[in-house]
Amino acid sequence: MHHEIEGVIAQTLHLALDEGETAWAANGSIVSLDEGMEWRLKVPGGVGGALKRSFAGEGVTLTFVESRRDGARAVLGAKHPGKIAVWDLSEGAMLATRGAFMAAVGDVHIGVTVAQRVGAAFFGGAGLFLQEISGKGLVFVHGAGDFLDMRLSAGEKIRVSTGNLAAFADTVDYRIRGVGGCVKMLFGREGVFMTELEGPGRVLLQSLQRVSGAKRAASAAASAAPP
């Protein structure tokens, strides 16, 4: 397998696979396929995985790509501008927030895990269910805007605004913290809570917030309201 990341504003992932090699990809991510590259929908983790994925909001299936000849290429993209980061699973398992997973190659297990802390799940922006990718291989993560690639040491903490968290190592703990003060909550535009991450481990932040459908609708309603 060989991969290249191309582009500046809206990057694409180019995968070259030899005969028999396979890759997982997010649904709707295919830009183009060479002759000899086949794809189908497949449920990672079987029936149990399908149930968990339905709760996670990631869709029950993923796109499963398989090469029928050496050197066949698949080009993958995202639905919005942003960058692609590579996560080597030799560093350990990783957790991806909704919409961040783009593709994975190698002997990987793609599952869904429940958030460690209920408060962080509902108010921290990561969601109650997170995609967990482990095994041996590479994971490609898409982030809105640019990436901030951070390595937290043991006990090191950072606070992250809702929607800016893309992915993090399974060794990183996360919880919510109130922004503090009524004025900041009402007019600071950071929300009532922020997510606190504590190392050790790698953290990928996206510079543009990935806005959920509910939050987008609420913003639209607020903008349309009469003064």
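Quantities reported herein were computed from a predicted structural model and do not represent experimental measurements.

Attention now goes to the pattern of salt bridges. On inspection of all chains with the given rule, the structure shows 9 salt bridges. D34 is the partner of R69 in a salt bridge, and the nearest nitrogen-oxygen pair spans 3.9 Å. Of this pair, R69 sits in the loop between β6 (62-67) and β7 (72-76) while D34 is found in the loop between β4 (30-33) and β5 (37-42), placing the two residues 35 residues apart along the sequence. Here D173 ties to R175 by a salt bridge, and the two come within 2.7 Å at their closest N and O atoms. Each member of the pair, D173 together with R175, is buried. What you see here is one network of salt bridges that share partners, running through D173, R175, E196 and E198.

In this structure, M94, F101, I133, V139 and L197 are the most contacted members of the largest nonpolar core, which totals 33 residues. Those elements that place two or more of their residues in this core are β6, β8 (82-88), β9 (94-96), β10 (101-114), β11 (129-144), β13 (157-160), β14 (165-169) and β17 (201-206). Membership of the second largest hydrophobic core comes to 16 residues, among which are L15, L17, I84 and L138.

This brings us to the packing of aromatic side chains. Taken as a whole and judged by the stated rule, the model has 2 aromatic pairs. A ring pair is formed by W24 and F64, whose centres lie 4.9 Å apart and whose planes are at 65 degrees; its orientation type is edge-to-face. Placement of the pair is W24 in strand β3 (residues 22-25) and F64 in strand β6, with a sequence separation of 40 residues. The exposure classification of W24 matches that of F64, with both residues buried. Summarising the aromatic geometry, the rings of F168 and Y174 are spaced 5.1 Å apart at their centres and angled 65 degrees between planes, so their arrangement reads as edge-to-face. The class for Y174 is buried, based on a relative accessible area of 1%. The ring of F64 carries K42 above its face, with NZ or CZ at 4.2 Å from the centroid.

In space, the 4 strands of this open sheet follow the order β1-β2-β7-β4, with antiparallel pairing throughout. Taken across any chain shown, the strands that pair with only one partner, and hence form the sheet edges, are β1 (2-6) and β4. Ignoring strand direction, the axes of neighbouring strands in this sheet form an average angle of 20 degrees. Inspection of the sheet shows β4 paired to β7 by 3 bridges, in the antiparallel sense.

Right, let's talk about the pairing of β1 for a bit. Pairing of β1 with strand β2 (residues 12-17), which is carried by 5 bridges, proceeds in the antiparallel orientation. The residue bridging H2 from the neighbouring strand is A16, located in β2. Counted along the chain from β1 to the antiparallel partner β2, the turn is 5 residues long, and its residue G7 has a positive phi close to 105 degrees.

All right, on to the confidence of the model for the chain then. For the chain, mean pLDDT is 82; residues scoring 70 or higher make up 73% of the total. The low-confidence segment residues 180-189 (pLDDT under 50) makes 6 contacts with residues lying over four places distant or belonging to another chain. Contacts for the low-pLDDT stretch residues 213-227, under 50 throughout, to residues beyond four places or in other chains number 3 contacts.

For the rest of this paragraph, the subject is the pairing of β6. Counted residue by residue, β6 has 6 buried out of 6 residues, so it is predominantly covered. With burial as the criterion, each face of β6 is covered, one bearing L62, F64 and E66 and the other bearing T63, V65 and S67. Bridging between β3 and β6 involves 4 bridges; their strand directions are antiparallel. By the bridge assignment for β6, A25 is matched with T63. Sheet topology note: the β5/β6 ladder contains 6 bridges and is antiparallel. Paired with E38 across the strands is E66, a residue of β6.

Calculation criteria
Residues numbered from 1 in each chain as written. Predicted model: local features only at pLDDT ≥ 70, side-chain atom pairs only at ≥ 80, totals over all residues. Heavy atoms only, no water. Salt bridge = Lys/Arg side-chain N within 4 Å of Asp/Glu carboxyl O. Helix = DSSP H or I, 4+ residues; strand = E, 2+ residues; numbered from the N terminus. Buried < 20%, exposed > 50% of the residue type's maximum accessible area, 1.4 Å probe, protein only. Core = buried A, V, L, I, M, F, W, Y, C linked by side-chain atoms within 4.5 Å. Phe/Tyr/Trp six-rings, centres within 6.5 Å; stacked < 30°, edge-to-face > 60°. Lys NZ or Arg CZ within 6 Å of the ring centre and 35° of its normal. Pairing = 2+ DSSP bridges. Axes fitted to C-alpha atoms, helices over the stretch in contact; angles between N-to-C directions. pLDDT = per-residue confidence, 0-100. Contact = heavy atoms within 4.5 Å.

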